[in-house]
Structure formats: structure tokens, C-alpha cells
Amino acid sequence: MKNLVLGIDFGTDSVRVIVVNAIDGKELATAVCDYNRWAAGAFCDPVKNQFRQHPLDYIEGLEKAVKAALDKLGPEDVVNIAGISVDTTGSTPVAVNKKGIPLALLPGFEENPNAMFVLWKDHTAVKEAEEINRLARVSNTDYTKFVGGIYSSEWFWAKILHILRVDPAVRENAYSWVEHCDWIPYLLTGQTEVRKLKRSRCAAGHKAMWHAEFDGLPAEDFLHALDPLLDGLRSRLYNETYTSDQAAGTISPEWASKLGLPQDVIIGVGAFDAHMGAVGGQIENYHLSKVMGTSTCDMLIAPSEEIGDKLIRGICGQVDGSIIPGTLGMEAGQSAFGDIYAWFARLLGWPLDHVVNEIDWLDPIQKQQLLRDTMNHMIPVLSREAAKLPVQTSGPVAVDWLNGRRTPDADQRLKGALMGLNLGTDAVTIFKALVEATCFGAKEIVERFVMEGVPIEGIIALGGVAKKSSFIMQTMADVLNKPIKVARSEQTCALGAAMFAATIAGIHPSVEVAKEQMGAGFEQTYQPQPENVEKYNTLYQRYKTLGKFIENENRNIATYPVTTDE
């Protein structure tokens, strides 16, 4: 029997591919390919919170990364590849025509950001999210009740409505809309009728207000009341959804030839990266699985019968089968995590980018090398020095909402803050405060689950930050006052996708079995340091006080009259 599978993980910056022996979980090959247009900042405007990705970045990255991984195998291995499953960021939808082709791949739309994938971190739809929330509160049916009671600008309907309002050309040519995690399997299987596309339960339930109780998506009258521009769209989307242990189809001859794969490879239904990553990190019931990268996504599973009819306020959804089929999947997270550290590094690096370029005695190559090497070392050196500082209850305190707040209680209008500076405050002290703020944000999520009656019995960490920064992980353990296990695999999301691939290919009878057989285990556990726990409890209260001030100030700003100069 064929025993090799591919797990493909489409992240924010790159696509990663791993080839795994599904019998014992051994990783035989890996490859990573960056998105060229995204790396150049194309189609994005951070000032407007606009973040778009061109479908060609995904197509080219997919082909290059898969080929690079397969080049590391022998021919006898390639013929033994049985299945492929993919995970992607989300909610990352795109407008498509009847054939399921993203508009950005059609003449006239190649350079139009509104015709591209609207990345998860795009917050241009804040107004539309607010309208959805207002309508849901007065509607006969509260379609937000299974997504924590608050709909986010990071999600499917808000983004669609925003694009339809601002771009008549896209509005007139968009037949339907497709999540990134649904489009990649559709592409690989060579389908040409978008209405037959198998939609991910994970994406639909967490981001599109799909639920069996509603007979699918929100009703037509709700969408019409939201905006008549949505009239008829529901019928061009979907009613049924599929968990990721189901097959989307078989690889098309075109893609089999293009990638050098056997023509009988099975392609699985996709899901979001954090959800498959939680499986790759061997998630357990009531263990919070934290995917820690540019943002965080916190996954939790529980037996459906134990949660029952309980609705968890302020999270990113509770969906049957979105993580492990047969269990209730719950999602939370922070809109910015590693992004905050990267922002601070760029802030400190500004002189290199602007002042050093004006120094005549450095040649251009030296200038670029100085910039590159300094930026590569910036966060590791800041972390090393920050770890030497004692925990000071009277030191600076930051709030981590630099990209808004995802949970608890989504509000993408919120901004970050820093309090308690003086003329002796240096870069290392500020960096430490930023790290503590991201950990305090994580603590608020844990507290919300517990407050809502969902116990947190353990913490599992995975992703780039968890693997790279012992300082951040130790701070997290101290703030949460809980041990944190770090998953061993370097590519946990891709490994989770490989586990689903092994299931849809019939190598394992269920995802649970695949998880046990293919899991890489844990490389270390961070224990909380008792001498820091109480100090962080004090700092946490200051964080919450500052957060309440920011929220109140944000409400006041929203009510200020708008004036213009003559």
C-alpha cells in the first residue's frame, strides 16, 4: 500500500510542503517558497489596513515548493505518494467567476487588489462588521451566536460586502466567493464548476456563520436587510460543508503532470492553518493549542455532549468537526503577536534604512549587508537582553492591540498603547513590555474560556515563536501560571495537513489514529517560575486597566464630530 503523503501549509508569507511517511510520521522532505509579490509589499497598504495576496503567489509557490520537496526523494518514493491535504490562512476569501477562477487571473483585473485574496489580517471591513453585529442583535435569529456573539472584520461576509460596495467592476463580475482553503483543493482537482466545490466546515462555521441550526448560511432576508448588494449570493455559495477527513477529489492530470505526481493522488478538503496545526501538535480535549506566529490562533476541542447547548461568548466560533471530526472545535486568538515584535524591530531599524543610506563611505553592498544582518539579529538580541531584566511591577505596561483585538470580544478598531515611560526607558525595556502585553492578551483568552465554563487543562505551543524564543515562552508560562509543552515538529501545520491526507487516502481509519501514529511529540516544557507569577498578576491588572482606558477612549473618538477646514 502507498504510504507517503504531502501536507501543504499556505502561511502568511510563504507556502511550506512536507513529505511524510504516514506509517510512522517520519518527515522525508521539506521545502518552503516565499510569495514574491507579497514580499515586495505589492497590493498592500498598511496605513489603510489593506492586505491582499495575488493568486499567482499561491500557484507559483505551490508548484515550486512541491517540486523542491519531491526533488529530495527518489523515484521509488514519489510513486508511493497517496494523498495531499492543505491548510491556509483564513478568513482569506476571493471573488471568482462561474468556473471558480479568481478575478485577478482574468483580463482587466490582474492589478486590482479587490479582485485578489483578501488576507486574514485585512481590516478594511470594520464598518461592515459593525453593521452585521447591529443587525444580528435585532434579528429574529442571531446568526452570530455560534461565533462568540461578535462578527469580525477579519471574516468572510464583512470582507465580501466591503469589496462589493467599493468596486463596481468586481461586483459585476463576481459570480461567487471562495475561501483560500477551499480554492487550492478545487484547483488541484481541476474542477471547473464552482457550485460543485466542496466547502470546508472549518471555514464556513468559524467565519461565514454557517450552522446546521440555520440550515446553512444566514437566510436571504437577513442578507438583504444587511445590504441588497448581497441579494442572490447565498444561492451561489453553498448549503453543505465537509470536514477535512473527506476527499475533495483526485488530482487532475494537468496538476499531476505539472508537479510530477502519480495520477491517483487523493486531494482532501482543506481547512485553516491553526486548526490543522492543532492536530499536528497532538491536541487533546481541553488543552489549548496555541499556534504562535505573526498572530496567534488558539484551538480547543471538547466532546460535543459535554459542551451541549452552551454558547461561549467572545470567541471565534464553536463548530462541530472543525478541528477533529466528531468533537466540538473552538477558536480564539490574537490579531497580532509576532507582528508586534517585527513592528518594533522595524521601528528601531529605521535609521539603518534612511540614515545609513546617506553615509558616503559605505558602498551600496555594505549598506545592504549592514541592514540585513542587523535586522536578522534585532529580535534575538532584544530577547537575550530582556531576559536579564527583573520583572518590575512598576515598569512600563503595553497593550497588544496594534492590529485590533481578535478575542475575547473582537474589535478591530482598537489600537495598541504603551504607558509608564520615562527618560531612562530603553529599547530593551520597551521590548519586554511588548512581550508581556502579548502574554497578557493570551491570559485574557484563557480567563474567558474558564469564565464561560470551559476548563483549560493544559497548554500546547507550536509555530515559529514557540520554537525560536525561550524568553517569550518562559514569560508566557509565568503569566499564564501553567506549564507549556512545545511541539517538536518544525512544520506542525503542514504535519497536521499530512495527518488528514493519510486519513483521506485510507492509510489510517481516522484523524485520531493518524494523530497518534504520526505525531512528533514534544521537545520541551516551560514551567512557570513562582517568583514571577505574583508579579505578573499585578502587572496584568495594570494591563487590564490600561485596556479599559483604551476602549473608553476609542468609544469617545467614535462620537467626536467630524470637521473639515475650509
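Residues numbered from 1 in each chain as written. Predicted model: local features only at pLDDT ≥ 70, side-chain atom pairs only at ≥ 80, totals over all residues. Heavy atoms only, no water.

Quick look at the packing of helix α2 (residues 55-70) against helix α7 (residues 180-188)
The contact between α2 and α7 brings their axes to 12 Å, and the two run at 55°. Our classification of the angle between α2 and α7 gives oblique. The handedness of the crossing between α2 and α7 is right-handed. Each of Pro55, Tyr58, Ile59 and Leu62 in α2 lies in contact with α7, whose residues at this interface are His180, Trp183, Ile184, Leu187 and Leu188. When the residues that make up the contact of α2 with α7 are grouped by side-chain class, the tally is eight nonpolar, one polar and no charged. (Axes fitted to C-alpha atoms, helices over the stretch in contact; angles between N-to-C directions. Helix = DSSP H or I, 4+ residues; strand = E, 2+ residues; numbered from the N terminus. Parallel < 35°, antiparallel > 145°, perpendicular 65-115°, else oblique. Left-handed = near helix turned anticlockwise from the far one by under 90°. Contact = heavy atoms within 4.5 Å. Nonpolar A, V, L, I, M, F, W, Y, C, P; charged D, E, K, R; others polar.)

Observations regarding the pairing of strand β12 (residues 287-292)
A regular strand places its side chains on the two faces of the sheet in alternate fashion. The element β12 is largely enclosed, with a buried count of six among its six residues. Residues His287, Ser289 and Val291 point to one face of β12 and Leu288, Lys290 and Met292 to the other, with burial holding for every one of them. Pairing geometry for β12 and strand β18 (residues 458-462), over five bridges, is parallel. Paired with valine 291 across the strands is leucine 462, a residue of β18. Where β12 and strand β13 (residues 296-302) come together, four bridges link them in antiparallel fashion. (Buried < 20%, exposed > 50% of the residue type's maximum accessible area, 1.4 Å probe, protein only. Pairing = 2+ DSSP bridges.)

Here's the deal with the sheet that holds β18
One open sheet accounts for seven strands, arranged β14-β15-β13-β12-β18-β19-β20; its pairing is mixed. Of all the strands in the sheet, the pair left with one neighbour each is β14 (318-320) and β20 (522-526). Ignoring which end each strand starts from, the neighbouring axes of this sheet average 25° apart. Examined bridge by bridge, β18 and strand β19 (residues 484-487) share three bridges and lie parallel to one another. Paired with isoleucine 460 across the strands is lysine 485, a residue of β19. Along the sheet, helix α11 (residues 273-280) makes contact with β12, β13, β15 (328-334) and β18, crossing β13 at roughly 60°. Lying over the sheet, helix α16 (residues 427-451) contacts β12, β13 and β15, oriented at roughly 150° with respect to β15.

A short note on the UniProt feature "domain: Carbohydrate kinase FGGY N-terminal" (unreviewed entry) in the protein chain
The UniProt entry lists residues 5-280 under the feature "domain: Carbohydrate kinase FGGY N-terminal" (unreviewed entry), expressed in the numbering used here. Taken as a whole, residues 5-280 contains 33% helix and 18% strand, while its terminal C-alpha atoms sit 14 Å from one another. (UniProt positions renumbered as here; feature names shortened; annotations may be inferred.)

As for the pairing of strand β2 (residues 14-21)
In terms of burial, β2 is largely enclosed, as seven of its eight residues are buried. The pairing of strand β1 (residues 4-10) with β2 spans seven bridges and is classified as antiparallel. The partner of leucine 6 across the bridge, within β2, is valine 19. The hairpin turn running from β1 into β2, its antiparallel successor, is three residues long. In this structure, β2 lies alongside strand β3 (residues 27-34), joined through seven bridges in antiparallel fashion. Along β3, the bridge assignment pairs valine 17 with alanine 31. With antiparallel pairing between neighbouring strands as the criterion, β2 and β3 make up a hairpin whose turn holds five residues, including glycine 25 at a positive phi of roughly 80°.

Concerning the pattern of salt bridges
Inspection of every chain in the model, using the stated rule, returns 32 salt bridges. Residues glutamate 254 and lysine 258 are paired through a salt bridge, measuring 3.6 Å at the closest nitrogen-oxygen approach. Here lysine 258 and glutamate 254 lie together in helix α10 (residues 253-259), a separation of four residues that amounts to about one turn. Exposure remark for glutamate 254: the relative accessible area of 52% places this residue in the exposed category. In this structure, arginine 384 and glutamate 385 form a salt bridge, with 3.0 Å as the shortest nitrogen-oxygen distance. You can call glutamate 385 partly exposed: its relative accessible area is 25%. Several salt bridges converge on common partners, so that one network encompasses Lys127, Glu128, Glu131, Arg165 and Asp227. (Salt bridge = Lys/Arg side-chain N within 4 Å of Asp/Glu carboxyl O.)

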